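Inside the fold
For reference, the chains in residue letters:
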Amino acid sequence: AQTVTQSQPEMSVQEAETVTLSCTYDTSESDYYLFWYKQPPSRQMILVIRQEAYKQQNATENRFSVNFQKAAKSFSLKISDSQLGDAAMYFCASQGGSEKLVFGKGTKLTVNP
Amino acid sequence: DTGVSQNPRHKITKRGQNVTFRCDPISEHNRLYWYRQTLGQGPEFLTYFQNEAQLEKSRLLSDRFSAERPKGSFSTLEIQRTEQGDSAMYLCASSPYAGTRYEQYFGPGTRLTVT
């Protein structure tokens, strides 16, 4: 079974600053994928970034990057140059052999102007 | 807009009533997924389809729940004899191919309130 844990229910950051959201996971599978999804208030969930477990290089997407520590089963998300539009719930998720996504409980990110 | 659509967006029903939700995936996406999200939690997997075949069902999907995708296009999720514990956001997602490498695109969800 897969589990995903997000230990920060809420985080806040000043506009233009950098923030890191934490995620740990557990899986018995050797081939799996990790994701960060963003869910803005009253809007649909969108994919922020994806990491294949077999790749050692950390994924980056513009201002978003991850720190993937496979041995520690850690997958944190770094948001650089935070913008007001980054305010949302952020969910970490894993996907193994089954196609279902297993989500953490989420972190609510507030961006202060 | 060619994204995943869900109807209705909101549904209020009395305990014991049946409800049905509809999901229209992105055109030509052959994978369709249903998740349930309760307040303060992340989404939990319910079931998924490849075309019209239902490939996996969660233990969360009790016998009061049934999902169909009759022609491999839209899908319906029916809840019979609703209970207050069924109150949640029901999310639908689709993806274009089999396997884990493809993104799941989510719809806006149907919020169910059981009174």
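Position numbers for residues start from 1 in each chain and track the written sequence from start to end. Chains and ligands are labelled sequentially in the order written, the chains with letters from A and the ligands with numbers from 1. Per-residue local features are limited, in this predicted model, to residues with pLDDT of at least 70; the limit for side-chain atom pairs, both in listing and counting, is 80 or more; totals at the level of whole chains, interfaces and linings are taken over all residues. No hydrogens and no water enter the side-chain calculation; it runs on all heavy atoms of the structure.

Focus: the overall build of chain A
Under the scheme used here, helices are H or I runs from DSSP no shorter than 4 residues and strands are E runs no shorter than 2 residues, and both carry numbers assigned from the N terminus. A tally of regular secondary structure across chain A gives zero helices and 12 strands. What you see in chain A, going N to C, is helices and strands ordered as β-β-β-β-β-β-β-β-β-β-β-β. Both definitions apply: the radius of gyration is a C-alpha atom measure, and the globule rule equals 2.2 Å times residues to the power 0.38. For 113 residues, the compact-globule estimate of 2.2 N^0.38 gives 13 Å, and the C-alpha radius of gyration of chain A, at 13 Å, lies within 12% of that figure. A principal-axis box enclosing the C-alpha atoms of chain A has dimensions of 40 × 30 × 20 Å. Exposure categories follow from relative accessible area, calculated using a 1.4 Å probe and restricted to protein chains: below 20% of the type maximum is buried, above 50% is exposed, and the middle band is partly exposed. Counting only residues that meet the buried cut, chain A has 50% of its 113 residues in that class. Note on contacts: a residue pair is in contact if any heavy atoms of the two residues lie within 4.5 Å. Contacts spanning at least 24 positions in sequence make up 54% of the contacts within chain A whose residues lie at least 6 apart. Methods summary: accessible areas were calculated by the Shrake-Rupley approach with a probe of 1.4 Å, and residue burial reflects only the protein chains presented. Surface exposure of chain A reaches about 5,600 Å², of which carbon and sulfur atoms provide 44%.

Section: the side chain of Gln37 of chain B
Note on placement: Gln37 of chain B falls in strand 4 (residues 31-37). Relative accessible area serves as the criterion here: at 9%, Gln37 of chain B is assigned to the buried category. Once residues lying within four places of it in the same chain are set aside, the contact partners of Gln37 of chain B are Gln39 and Phe91 of chain A together with Gly42, Pro43, Ala88, Met89 and Leu91 of chain B.

Quick look at the nonpolar core
Take the buried Ala, Val, Leu, Ile, Met, Phe, Trp, Tyr and Cys residues and link them wherever side-chain atoms come within 4.5 Å; each set so joined is a nonpolar core. Of all hydrophobic cores here, the largest spans 25 residues; its most connected members are Trp36, Phe75, Leu77 and Tyr90 of chain A. For this core, the secondary structure elements donating two or more residues are strand 3 (19-21), strand 5 (33-39), strand 6 (46-52), strand 8 (64-69), strand 9 (74-79), strand 10 (88-95) and strand 12 (107-112) of chain A. Leu32, Phe49, Leu61 and Ala88 of chain B belong to the second-largest nonpolar core, a separate cluster that totals 19 residues.

Some details on the packing of aromatic side chains
Classification of ring pairs uses Phe, Tyr and Trp, with its six-membered ring standing for Trp, and accepts pairs whose centres are within 6.5 Å; under 30 degrees between planes counts as stacked, over 60 as edge-to-face, and the remaining range as tilted. In this structure the tally under the stated criterion is 14 aromatic pairs over all chains. Look at Tyr37 of chain A and Phe103 of chain A: their rings are 5.9 Å apart centre to centre, the planes differ by 55 degrees, and that puts the pair in the tilted class. Of this pair, Tyr37 of chain A sits in strand 5 while Phe103 of chain A is found in strand 11 (residues 102-103), placing the two residues 66 residues apart along the sequence. Residue class for Tyr37 of chain A comes out buried when judged on its relative accessible area of 1%. Charges are assigned to positions over rings by a cutoff of 6 Å between ring centre and Lys NZ or Arg CZ, combined with an angular limit of 35 degrees from the ring normal. In this structure, Arg22 of chain B is placed above the aromatic ring of Phe74 of chain B, and the distance from its NZ or CZ to the ring centre is 3.9 Å.

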